[in-house]
Amino acid sequence: MSDDVKKAIFPAAGLGTRFLPATKASPKEMLPIVDKPMIQYGIEEAIACDISEFIIITGKHKRNIEDHFDYAFELEDKLKKSGKEKLLEEINRLSEINIAYIRQGYALGLGHAILCAKPFVKDEPFAVILSDDIIPSKETLLLDMIKLYRKLKSPILALERVPTHEVNRYGIISGVKERDNVFRINSLVEKPDPENAPSNMAIIGRYILTPDIFDILAKAKPGKGGEIQLTDAINQLLQKRPIYGYLFEGQRYDAGDKLGYLKATVDFALKNKELAKDFGKYLLEVARKLKH
Ligand code: G1P
């Protein structure tokens, strides 16, 4: 058993209603940002943090997530024969990742999705990655959180300051600053109305959790939106142990939202060697037209 963070859970059983009709029969997690599905960015981020075991919580219409991370013999053969070695290597790399899948029969909420991973996580600390929060690879958020976990041996939540009118889209914390970007959390509330929010510090989609959350989740009652909320369970865990927030000040895209998704697509395309020049030119043309 590891006392370090070696496992990551990727909840991917949501209904993706914000992206309908695109997500009617295919998962939101497979929507591409340029040429990679959203979930692959999250998996690569975890690999860069030395996480070696991945658990994806899937649901209906999610089978192509499994296919994406599986061998594709026909395609591999074709790439080999046509000498596309680099692409072949990239495709093969995906199939070598150690991923377990758990199917969440009903979309009962994020808390319930995490509970489904209990048999795989057992007694170890683990990361939770919500793959529609895209964090560019130059950022070290997850690694910084893991390092902080090693020191504090307590759950760590990623936080970001959001505008007041957006607090109803997030779990919001109240807490006391301990040092630099580290806050000791006093309470959490899921998607409060702006007028009742304890702060504007929002939980974003990266968590380091400890296995004692499972007992609380197992007994949890539905909260906001009739769903089993992870935020409520963490709030309860506060009665037993300290929990910390790590305030992230780098770049994050809320790609679960259409505007955030488009922003991520544009920025990633502008960083892509093959596309940057021509796409940049095109964007300037568009901007010029918008001005008129
Ligand atoms: C979930 C959590 C919320 C958190 C958010 C981060 O909400 O329930 O507390 O702030 O992720 O992205 P969702 O985006 O699934 O509605």
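Up top is the structure these notes are about.
It should be emphasised that the depicted structure is a prediction, and the values quoted were computed from it without experimental measurement.

**Brief notes about the overall build of the protein chain**
Here is step 1: Within the protein chain, the secondary structure is distributed over 11 helices and 13 strands.
Here is step 2: Here the C-alpha atoms of the protein chain give a radius of gyration of 20 Å, agreeing with the 19 Å that 2.2 N^0.38 yields for 292 residues.
Here is step 3: Oriented by its inertia axes, the alpha-carbon framework of the protein chain measures out at about 60 × 55 × 35 Å.
Here is step 4: Taken across its 292 residues, the protein chain has 48% of its residues classed as buried.
Here is step 5: Put simply, 76% of the contacts in the protein chain that link residues at least 6 apart link residues at least 24 apart.
Here is step 6: Of the roughly 15500 Å² of accessible surface on the protein chain, a fraction of 52% belongs to carbon and sulfur atoms.
Here is step 7: Positive and negative charge centroids in the protein chain, built from 45 and 42 side chains respectively, lie 2 Å apart.

**Describing the site of the ligand**
Here is step 1: Taken together, Leu110, Leu130, Asp133, Tyr170, Gly171, Glu190, Lys191, Ile203, Gly205, Tyr207, Gln229 and Thr231 make up the full set of residues adjacent to the ligand.
Here is step 2: One of the side-chain N or O atoms of Asp133 is found 3.1 Å from an oxygen atom in the ligand.
Here is step 3: For the ligand, whose free accessible area comes to 380 Å², the fraction covered by protein is 79%.
Here is step 4: At 3 residues, strand β11 (residues 201-209) tops the list of elements feeding residues into the shell around the ligand.
Here is step 5: Grouping the constituent residues of the shell around the ligand by class yields 5 nonpolar, 4 polar and 3 charged.

**A word on the packing of aromatic side chains**
In this description, an aromatic ring pair is defined by two values, namely the gap between the centres and the angle between the planes.
Here is step 1: This model, assessed by the stated rule, comprises 6 aromatic pairs.
Here is step 2: With a centroid separation of 6.2 Å and an interplanar angle of 40 degrees, the aromatic rings of Phe10 and Phe54 are classed as tilted. Taken together, the residues Phe10 in strand β1 (residues 7-11) and Phe54 in strand β4 (residues 53-58) connect sequence positions 44 residues apart. For the pair Phe10 and Phe54, a shared accessibility class is recorded, and that class is buried.
Here is step 3: In textbook terms, an aromatic cluster arises when at least three aromatic residues are bridged by ring pairs, as seen for Tyr41, Tyr253 and Phe268.
Here is step 4: Note that Lys271 overlies the ring of Phe268, its terminal NZ or CZ placed 5.5 Å from the centroid.

**Description of the nonpolar core**
Here is step 1: Counting residues in each nonpolar core, the largest one holds 39 residues, and the members touching the most others are Phe10, Ile43, Ile51, Phe54, Ile56, Phe69 and Ile208.
Here is step 2: No other element matches the 6 residues that helix α7 (residues 141-152) contributes to this core.
Here is step 3: Those residues in contact with Ile43 that sit more than four places away from it in its chain are Phe10, Phe54, Ile56, Phe69, Ile97 and Ile99.
Here is step 4: Core analysis: the next-biggest nonpolar cluster, separate from the first, contains 34 residues, Ile102, Ile114, Cys116 and Phe183 among them.

**What about the pairing of β4?**
Here is step 1: The element β4 is largely enclosed, with a buried count of 5 among its 6 residues.
Here is step 2: Pairing geometry for β1 and β4, over 5 bridges, is parallel. Note on β4: the bridge partner recorded for Lys7 is Glu53.
Here is step 3: Pairing geometry for β4 and strand β5 (residues 99-103), over 5 bridges, is parallel. Within the sheet, the bridge partner assigned to Ile56 lies in β5 and is Tyr101.

**Here's the deal with the packing of helix α3 (residues 73-81) against helix α4 (residues 85-95)**
Here is step 1: Where α3 contacts α4, the two axes come as close as 8 Å, and the packing angle between them is 155 degrees. Judged by the angle between their axes, α3 and α4 are roughly antiparallel. In this structure, the crossing between α3 and α4 has a hand that is left-handed. Together, Leu75, Glu76, Leu79 and Lys80 of α3 and Glu85, Leu87, Leu88, Ile91, Asn92 and Ser95 of α4 make up the contact between the two elements.

Cut-off values and rules
Sequence order as written defines the numbering, with residues in each chain counted from 1. Selection of residues for local features in this predicted model requires a pLDDT of at least 70, selection of side-chain atom pairs for listing and counting requires 80 or more, and totals for whole chains, interfaces and linings are taken over all residues. With hydrogens and water set aside, each side-chain value is computed from the structure's full complement of heavy atoms. Numbering of helices and strands runs from the N terminus; a helix is a DSSP stretch of H or I covering at least four residues, while a strand is a stretch of E covering at least two. In this treatment the radius of gyration is a C-alpha quantity, and the globule benchmark scales as 2.2 Å times the residue count to the 0.38 power. Any residue under 20% of the maximum accessible area for its type is buried, any over 50% is exposed, and the rest in between are partly exposed; the area is computed with a 1.4 Å probe on protein chains only. Here, two residues are considered to be in contact whenever any of their heavy atoms come within 4.5 Å of each other. All accessibility values rest on the Shrake-Rupley procedure with a 1.4 Å probe; residue burial counts only the protein chains present in the view. By the counting rule applied here, Lys and Arg register as positive and Asp and Glu as negative, while His and the ends of each chain are not counted. In plain terms, the charge of a residue is placed at NZ if it is Lys, CZ if Arg, CG if Asp and CD if Glu. By convention in these notes, a residue is near a molecule or strand provided one of its non-hydrogen atoms lies within 4 Å of it. N or O atoms within 3.5 Å of each other form a polar contact, as long as, within protein, one can give a hydrogen and the other can take it, and as long as residues adjacent in sequence are counted only when both atoms are side-chain atoms. Residues were grouped as follows: Ala, Val, Leu, Ile, Met, Phe, Trp, Tyr, Cys and Pro as nonpolar; Asp, Glu, Lys and Arg as charged; and all remaining residues, including Gly, as polar. Aromatic rings from Phe, Tyr and Trp, with only the six-membered ring used for Trp, were paired whenever their centres fell within 6.5 Å, and each pair was classed as stacked if the ring planes differed by under 30 degrees, edge-to-face if by over 60, and tilted otherwise. In our convention, an over-ring charge means Lys NZ or Arg CZ found within 6 Å of a ring centre and within 35 degrees of that ring's normal. Grouping buried Ala, Val, Leu, Ile, Met, Phe, Trp, Tyr and Cys residues that are joined through side-chain atoms within 4.5 Å yields what is termed a nonpolar core. Two strands make a pair as long as DSSP finds a minimum of two bridges between them. Only the stretch in contact is used when a helix axis is fitted, and all axes are lines through C-alpha atoms; the angle between N-to-C directions ranges over 0 to 180 degrees. The labels follow the angle: roughly parallel below 35 degrees, roughly antiparallel above 145, roughly perpendicular from 65 to 115, and oblique for the rest. The crossing is said to be left-handed when, going from far helix to near helix, the turn is anticlockwise and less than a right angle, and right-handed when the turn is clockwise.

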